[in-house]
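# Fold and geometry: a report
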Amino acid sequence: MLQKFNMDKAKPMSSPLADHMKLSSSQCLTGKEDKDEMKKVPYTSVVGSLMYAMVCTRLDIAHAVGVVSRFMSNPGKEHWAAAKWILRYLRGTSRVYLCFRPGQPVLDGYIDSDMSGDVDSSKSTSGYLMTFVGTAVSWQLRLQKCVALSTIEAEYIATVEAGKELLWMKNFPEEVGLNQEKYALHCDSQSAIQLAKNAAYHS
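We now turn to the structure provided with this report. All values derive from a computational prediction rather than experimental measurement.

## Comments concerning helix H4 (residues 77-92)
Helix length check: H4 (16 residues) gives 23 Å between terminal C-alpha atoms against 22 Å at 1.5 Å per residue, within 8%. By the burial criterion, the buried members of H4 are His79, Trp80, Ala82, Ala83, Trp85, Ile86, Leu87, Tyr89 and Leu90. Looking at the packing, one finds that the buried side of H4 touches helix H1 (32-38), helix H2 (43-56) and helix H3 (62-68).

## A word on the packing of H2 against H4
The N-to-C vectors of H2 and H4 enclose an angle of 40°; their axes lie 10 Å apart at closest approach. Judged by the inter-axis angle, H2 sits oblique to H4. The hand of the H2/H4 crossing is left-handed. Of the residues in H4, those in contact with Tyr43, Val46 and Leu50 of H2 are His79, Trp80, Ala83, Ile86, Leu87 and Leu90.

## Remarks on the nonpolar core
Tyr43, Val46, Leu50, Ile61, Val68 and Leu87 are the most contacted members of the largest nonpolar core, which totals 32 residues. Mapped onto this core, the elements with two or more residues apiece are H2, H3 and H4. Among the elements that make up this core, the one with the highest residue count is H4 (eight residues). Residues within four places of Leu87 in sequence aside, it is in contact with Met1, Leu2, Phe5, Met7, Val46 and Leu50. Counting ten residues, the second largest nonpolar core, distinct from the first, contains Ile111, Tyr128, Ala158 and Leu166.

## A few points about the sheet that holds strand E2 (residues 125-132)
Taken together, the four strands give an open sheet; going across it, the order is E3-E2-E1-E4, and neighbouring strands pair in mixed fashion. Only two strands of the sheet have a single neighbouring strand rather than two, namely strand E3 (135-143) and strand E4 (183-186). If you compare each strand with its neighbour and ignore which way they point, the axes differ by 15° on average. The pairing of strand E1 (residues 107-113) with E2 spans seven bridges and is antiparallel. Within the sheet, the bridge partner assigned to Asp112 lies in E2 and is Gly127. Its contacts with the sheet put helix H5 (residues 151-175) on E1, E2, E3 and E4, and the angle it makes with E1 is roughly 160°.

## What to know about the environment of Lys182
Summarising the element assignment, Lys182 is placed in the loop between H5 and E4. Each C-alpha atom of the pair Lys182 and Lys170 lies 9.3 Å from the other, and the pair is twelve residues apart in sequence. Among residues more than four places away in sequence, those in contact with Lys182 are Val106 and Leu107.

## What about the environment of Lys40?
By the secondary structure assignment, Lys40 is in the loop between H1 and H2. Separated by 19 residues in the primary sequence, Lys40 and Met21 place their C-alpha atoms 23 Å from one another.

## Let's talk about unusual backbone geometry
Most of the time, phi is negative for any residue but glycine, and the peptide bond is trans. Of note in this structure, Asn6 is not a glycine but carries a positive phi near 55°. Relative to the helices and strands, Asn6 resides in the segment before H1. The phi dihedral of Val133 is positive, around 55°, even though this residue is not glycine. Mapped onto the elements of the fold, Val133 is located in the loop between E2 and E3. Classification of Val133 by relative accessible area gives partly exposed; the value is 23%.

## Examining the packing of aromatic side chains
Summed over all chains, the structure comprises two aromatic pairs. A ring pair is formed by Trp168 and Phe172, whose centres lie 5.7 Å apart and whose planes are at 15°; its orientation type is stacked. Taken as a pair, Trp168 and Phe172 lie in helix H5 at a separation of four residues, close to a single helical turn. Over the ring of Trp85 we find Arg88; its NZ or CZ atom is 5.7 Å from the centre of that ring.

Rules used in this analysis
Residues numbered from 1 in each chain as written. Predicted model: local features only at pLDDT ≥ 70, side-chain atom pairs only at ≥ 80, totals over all residues. Heavy atoms only, no water. Helix = DSSP H or I, 4+ residues; strand = E, 2+ residues; numbered from the N terminus. Expected span 1.5 Å × (residues − 1). Buried < 20%, exposed > 50% of the residue type's maximum accessible area, 1.4 Å probe, protein only. Contact = heavy atoms within 4.5 Å. Axes fitted to C-alpha atoms, helices over the stretch in contact; angles between N-to-C directions. Parallel < 35°, antiparallel > 145°, perpendicular 65-115°, else oblique. Left-handed = near helix turned anticlockwise from the far one by under 90°. Core = buried A, V, L, I, M, F, W, Y, C linked by side-chain atoms within 4.5 Å. Pairing = 2+ DSSP bridges. Phe/Tyr/Trp six-rings, centres within 6.5 Å; stacked < 30°, edge-to-face > 60°. Lys NZ or Arg CZ within 6 Å of the ring centre and 35° of its normal.

Shown next as structure tokens:
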């Protein structure tokens with residue numbers, strides 16, 4: 001992929017997306033000359049290739065790919081710079097891989113979310129990672145469907161989505177005869193945990 005997009009000799013980066021890269025629709029191009037110039041850039045091909053890598057093995061670029069994929073219809077120069085940044089990160093971490101080892105058949109889930117991470121819609125981003133025998137087997141990162149009004153709500157929504165995935169993954173090994181001894185969902189928000197335990201609160 002790096003050779004295809006002439007990034008195999010680019011300077012490697014240590015993070016999938018830089019902190020200063022706050023991408024939004026306001027950075028999309030409006031002038032005809034700028035749009036014609038960006039048509040020469042393989043933005044959609046790069047993002048599509050990054051999506052394939054992310055879905056198959058590279059869970060570490062899930063957030064960055066989710067951000068750049070929002071601007072496929074009209075990318076700006078800042079969006080293209082962010083896509084190339086991800087390629088440079090992949091060049092620096094091309095030897096990183098998923099490693100499967102023997103161990104206890106324990107299913108664990110980890111969740112997190114940000115608060116109003118999307119500049120345009122003010123929606124939060126949910127992310128979860130499921131591990132089995134200590135190795136990542138399922139992951140997802142996406143914008144939430146509604147605008148969360150607090151960090152507790154954003155974390156709670158992420159926990160619910162991850163809980164549904166965890167329950168499905170718990171049933172899958174049982175169908176092939178592997179009973180789960182235990183399974184857990186880890187959340188770093190004490191407020192969201194207490195909210196989940198409060199059966200009297202519904203709204």
